[in-house]
Amino acid sequence: MNEREHFVELLRGLPLVSVDLVLVRGGTEILLGLRTNRPAQGSWFVPGGRILKDEPRADALKRVAARELGIADVAGLKPQLLGVFEHFYPDCFAGDIGVSTHYVVIAHRIDVPLGFEVPGCDNQHAELRWWPIAEAAANTDVHRYTRDYLPLLA
């Protein structure tokens, strides 16, 4: 069994634990990425990713922020726990193959000042964009799991 097949088998029986980075600029905007991969492909979503085996949560935040956003020192931005959430998807990274994905998500709010720009964008996102929070809350192209975070940002 190759690594991909093994990971699909793990998804059949286990949830993934992940971190989401909820970047809030100037208290009025949220950073969202247009996802290019599954699950949630084609939706606007906050950046995030799974925690690897034996990886402390702080290290996962650092890795995800660096890989997806080009932010080298996320700890310097003082992430704050937003809450723990569950996300359920009917598909998985390998496609619609009858294997669902269940995430236990540890979401972190990261406040940045007006004018803050994200240094980079990875291949998981077609683009990154700052959305006014009220606009994101009203737009159905923003994934419902991301919209769940928005009332907590007031």
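Residues numbered from 1 in each chain as written. Predicted model: local features only at pLDDT ≥ 70, side-chain atom pairs only at ≥ 80, totals over all residues. Heavy atoms only, no water.

A word on helix α2 (residues 57-69)
And then number 1: If you check α2, its first and last C-alpha atoms are 17 Å apart, about what 13 residues at 1.5 Å a residue would give, namely 18 Å.
And then number 2: Restricting attention to buried positions, one finds in α2 the residues A60, L61, V64, A65, E68 and L69. Buried residues along α2 cover an arc of 125° about the axis, so they all sit on one side.
And then number 3: Positive backbone phi, at 75°, marks G70, one or two positions downstream of α2. (Helix = DSSP H or I, 4+ residues; strand = E, 2+ residues; numbered from the N terminus. Expected span 1.5 Å × (residues − 1). Buried < 20%, exposed > 50% of the residue type's maximum accessible area, 1.4 Å probe, protein only. Arc of directions from axis to C-beta.)

Points about the environment of D59
And then number 1: Among the structural elements, D59 can be located in helix α2.
And then number 2: A sequence separation of 15 residues divides D59 from V74, and the C-alpha atoms of the two residues are 9.9 Å apart.

Quick notes on the layout of surface pockets
And then number 1: Considering only enclosed or pocket space, the largest pocket measures out at about 460 Å³ in volume.
And then number 2: Together, 28 residues line the largest pocket, and R35, G48, G49, Y103 and Q124 are the ones closest to its centre.
And then number 3: Of all the elements in the fold, those that place two or more residues in the lining of the largest pocket are α1 (3-13), β1 (16-25), β4 (48-50), α2, β5 (80-89) and β6 (101-112).
And then number 4: The residue inventory of the lining of the largest pocket, partitioned by class, reads 13 nonpolar, 8 polar and 7 charged.
And then number 5: Empty space within the second largest pocket amounts to approximately 180 Å³. (1 Å grid on protein atoms, 1.4 Å probe; cavity = no way out; pocket = protein on both sides within 12 Å on 5 of 7 lines; lining within 4 Å. Points joined across faces, edges and corners; volume = space filled by probe spheres on them. Nonpolar A, V, L, I, M, F, W, Y, C, P; charged D, E, K, R; others polar.)

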